[in-house]
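Observations on chain architecture
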Amino acid sequence: MVSAARVRAAVAGVPDPEIRVVTIEDLGILREVTVDTEGRAVVTITPTYVGCPAMDAIRTGIRSAARDAGAVDVRVDTVWAPAWTTAWISEDARAKLYAAGIAPPGAGAAPPGAAPAGARLLPLAAAPSPAPHCPRCGSAETARLARFGSTACKALWRCEGCGEPFDHFKEH
Ligand SMILES: [Zn+2]
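Residues numbered from 1 in each chain as written. Predicted model: local features only at pLDDT ≥ 70, side-chain atom pairs only at ≥ 80, totals over all residues. Heavy atoms only, no water.

1. A few points about the packing of aromatic side chains
Threshold: Centre distance within 6.5 Å is the pairing criterion for rings of Phe, Tyr and Trp, where only the six-membered ring of Trp is used; planes under 30 degrees apart are then read as stacked, over 60 as edge-to-face, and the remainder as tilted. A run of DSSP states H or I qualifies as a helix once it reaches four residues; a run of E qualifies as a strand once it reaches two. Both are numbered from the N-terminal end. Buried residues are those whose accessible area, probed at 1.4 Å on protein chains only, stays under 20% of the maximum for their type, while exposed residues exceed 50% and partly exposed ones sit between those limits.
What the rule picks out here adds up to 1 aromatic pair. Where Trp84 meets Phe169, the ring centres are 6.3 Å apart and the plane angle is 45°; that geometry is what we call tilted. Of this pair, Trp84 sits in the loop between strand S3 (73-78) and helix H3 (91-99) while Phe169 is found in strand S7 (residues 165-169), placing the two residues 85 residues apart along the sequence. Judged by its relative accessible area of 5%, Trp84 is buried. Assessed through its relative accessible area of 2%, Phe169 is described here as buried.

2. Notes on unusual backbone geometry
Of the consecutive residues Ala81 and Pro82, the connecting peptide bond is found in the cis state with omega at -5°. Structurally, the position occupied by Pro82 is in the loop between S3 and H3.

3. What to know about helix H1 (residues 4-12)
Rules: Relevant arc is that of directions from the helix axis to the C-beta atoms, nothing else.
Among the residues making up H1, those that are buried are Val7, Val11 and Ala12. In a view along the axis of H1, the buried residues occupy a sector of 130°, so they form one face of it. Turned more than 90 degrees away from the buried face of H1, the exposed residues are Ala5 and Ala9.

4. Some words on empty space enclosed by the protein
Selection criterion: In the cavity and pocket records, a cavity denotes points on a 1 Å grid over the protein atoms alone where a 1.4 Å probe fits but cannot get out, a pocket denotes an open set with protein on both sides within 12 Å along at least 5 of 7 lines, and lining residues are residues with an atom within 4 Å of a point. Grid points are joined across faces, edges and corners, and a volume is the space filled by probe spheres set on the points. Three residue categories are used. Nonpolar comprises Ala, Val, Leu, Ile, Met, Phe, Trp, Tyr, Cys and Pro, charged comprises Asp, Glu, Lys and Arg, and polar comprises the others, including Gly.
Under the defined criterion, the tally for this structure stands at 1 cavity of 30 Å³ or more. Each pocket or cavity is described by its volume, and for the largest cavity that value is around 50 Å³. Along its surface, the largest cavity is lined by Asp16, Glu18, Ile19, Leu27, Thr48, Cys52, Ala54, Cys153 and Phe169. Of the residues assigned to the lining of the largest cavity, the class counts are 6 nonpolar, 1 polar and 2 charged.

Below you can see the structure in the form of structure tokens.
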């Protein structure tokens, strides 16, 4: 008999298809996993936004992970309330995003210690604007180039410090 905890552990490891360094649990998309006495799983998710193209791949990943864990049947339910917010992204996931060169949501988004030595990194509280820090050099002097980056979830920014463009996971 497969337990809900086992199915949840398997499903929690499903990566975000657009940002593979983080999982659906890291991003707060995975809400609940239940398994009935027959071994049928119901996985509840809250998509990041309406029409996110990654959701089909996420549902497919959930079904296959839950079956691999022993669920005899898998239903993926979507709940929209409360609406997903970038506040659900775990601290651990923010550090993973930053390490992958994606500025996580939030002002002065660099996690402590993540910037290279010598980088001008403002303390969170002192950040004067919601501009993200450069995930490459840690500079706070960054400018938005475009509302959309490599995916609709991200905006394209450029660092004035090192001159490199980077993706910023948009707040919402
Ligand atoms: Zn930079």
